[in-house]
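The primary structure of each chain is shown beneath.
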Amino acid sequence: MELLNRLKEENFTRISFHDEYNVVQFSNLLELTSNEELFSFMEITPIRLEYYPFEIKPHLICYDELRSKKFFLFR
């Protein structure tokens, strides 16, 4: 799965999520060079994704075996 490339092709430049302390974490997608770096920032290695690029606040939801996390995307 080439998530990073897909997000860059869709012209997204930043990604964010709320960590376990409810603090917003941001990353610049243009500075990342691999999916591994993206997943490291996301703190999850997804086995399933739900992608909503056309919502008012574009986002994706990532699932692993135990949890899900919501990530907001910015152009």
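Bear in mind that the values here come from a model prediction, so they are computed numbers and not experimental data. (Residues numbered from 1 in each chain as written. Predicted model: local features only at pLDDT ≥ 70, side-chain atom pairs only at ≥ 80, totals over all residues. Heavy atoms only, no water.)

Draft legend 1. Structural context of the pattern of salt bridges. The final tally for this structure, using the stated rule, is 4 salt bridges. With a shortest N-O distance of 3.7 Å, glutamate 43 and lysine 69 are connected by a salt bridge. Placement of the pair is glutamate 43 in the loop between α2 (35-42) and β3 (48-52) and lysine 69 in strand β5 (residues 68-74), with a sequence separation of 26 residues. By relative accessible area, which is 42% here, glutamate 43 ends up partly exposed. (Salt bridge = Lys/Arg side-chain N within 4 Å of Asp/Glu carboxyl O. Helix = DSSP H or I, 4+ residues; strand = E, 2+ residues; numbered from the N terminus. Buried < 20%, exposed > 50% of the residue type's maximum accessible area, 1.4 Å probe, protein only.)

Draft legend 2. Region of interest: the packing of aromatic side chains. One pass over the structure, following the stated rule, counts 3 aromatic pairs. Measuring from centroid to centroid gives 5.8 Å for phenylalanine 26 and phenylalanine 74, while their planes differ by 45 degrees, and the two rings are tilted. Of this pair, phenylalanine 26 sits in strand β2 (residues 24-28) while phenylalanine 74 sits in strand β5, and the two are 48 residues apart along the sequence. Assessed through its relative accessible area of 25%, phenylalanine 74 is described here as partly exposed. Through pairs of rings, three or more aromatic residues link up here, namely Phe17, Phe41 and Phe71. Between arginine 14 and the ring centre of phenylalanine 74, over which it is positioned, the NZ or CZ distance is 4.9 Å. Here the basic side chain of arginine 75 rests over the ring of phenylalanine 12, its NZ or CZ set 4.2 Å away from the ring centre. (Phe/Tyr/Trp six-rings, centres within 6.5 Å; stacked < 30°, edge-to-face > 60°. Lys NZ or Arg CZ within 6 Å of the ring centre and 35° of its normal.)

Draft legend 3. Region of interest: the sheet that holds strand β1 (residues 14-18). Read from one edge of the open sheet, 5 strands run β2-β1-β5-β4-β3, paired in antiparallel fashion. Of all the strands in the sheet, the pair left with one neighbour each is β2 and β3. Adjacent strand axes in the sheet meet at a mean angle of 20 degrees when their direction is disregarded. Two strands pair when backbone bridges link them, and strand β4 (residues 59-63) and β5 are joined in this way by 5 bridges, in the antiparallel orientation. Note on β5: the bridge partner recorded for histidine 59 is phenylalanine 72. Across the sheet, α2 lies against β1, β2, β4 and β5, angled at about 30 degrees from β1, the strand it touches most. (Pairing = 2+ DSSP bridges. Axes fitted to C-alpha atoms, helices over the stretch in contact; angles between N-to-C directions. Contact = heavy atoms within 4.5 Å.)

Shape is all these values report; function is a separate question.
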